[in-house]
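Summary of the model geometry
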Amino acid sequence: MEYMALWFILGIIFSITLAAKQIKPWLKFVIFGYYLVLSYLFISRKEQIYSEYHRVPVPEQFWETNSDWVGLMLGFYFVPFLLILLFIYFWLFRNANSVKKRFFISLTIVPAAIVYLCLLFVFSMYGYRP
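Residues numbered from 1 in each chain as written. Predicted model: local features only at pLDDT ≥ 70, side-chain atom pairs only at ≥ 80, totals over all residues. Heavy atoms only, no water.

Section: the packing of aromatic side chains
The full count for this structure, using the stated rule, is 16 aromatic pairs. Both rings, one in phenylalanine 42 and one in tyrosine 126, keep their centres 5.8 Å apart while their planes meet at 70°; by these two values the pair is edge-to-face. Separated by 84 residues along the polypeptide, phenylalanine 42 in helix H2 (residues 25–53) and tyrosine 126 in the segment after helix H5 (109–124) bring together distant segments of the chain. Pair check on accessibility: phenylalanine 42 and tyrosine 126 agree, each one buried. For the ring pair phenylalanine 123 and tyrosine 126, a centre distance of 5.8 Å and an interplane angle of 75° mean the geometry is edge-to-face. Chaining the aromatic ring pairs together yields one cluster made of Tyr3, Tyr34, Tyr35, Phe42, Tyr77, Phe78, Phe81, Tyr116, Phe123 and Tyr126. When the ring centre of phenylalanine 93 is taken as origin, the NZ or CZ atom of arginine 102, which lies over that ring, is 5.2 Å away. (Phe/Tyr/Trp six-rings, centres within 6.5 Å; stacked < 30°, edge-to-face > 60°. Helix = DSSP H or I, 4+ residues; strand = E, 2+ residues; numbered from the N terminus. Buried < 20%, exposed > 50% of the residue type's maximum accessible area, 1.4 Å probe, protein only. Lys NZ or Arg CZ within 6 Å of the ring centre and 35° of its normal.)

A word on the packing of helix H4 (residues 99–107) against H5
At a closest axis distance of 4 Å, the pairing of H4 and H5 adopts a crossing angle of 20°. Judged by the angle between their axes, H4 and H5 are roughly parallel. Taken together, the residues of H5 that come into contact with H4 (itself represented by Ile105, Ser106 and Leu107) are Ile109, Val110 and Pro111. For the contact of H4 with H5, the per-class residue count stands at five nonpolar, one polar and no charged. (Axes fitted to C-alpha atoms, helices over the stretch in contact; angles between N-to-C directions. Parallel < 35°, antiparallel > 145°, perpendicular 65-115°, else oblique. Contact = heavy atoms within 4.5 Å. Nonpolar A, V, L, I, M, F, W, Y, C, P; charged D, E, K, R; others polar.)

The structure is reproduced here in structure tokens:
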């Protein structure tokens, strides 16, 4: 249950990637592989940090190491995701053949950005430091 938010974020990334007709099948496979390997590395290192430092009272080094690890992984998860979204939006905007379609595509950027920032915030909570 501890990594439920991570699986939710991956589900959204995978759903968007699967639904994108613009992305070639071999590239979808590469994206899935990248995120699965990244998740394995993230979870195993986070568990290692937990087992090394987590005792009562929790040392300051635990919070520092955990926050640094999550901060590093934040970029590895969300920069490629942002590039995927930008590629899809660029392709949709470029292939829209009317001003009306381009307008409606542009309107969806705001909710997409809000969802992106919410997911970014949820993931950053893995590195929460009281």
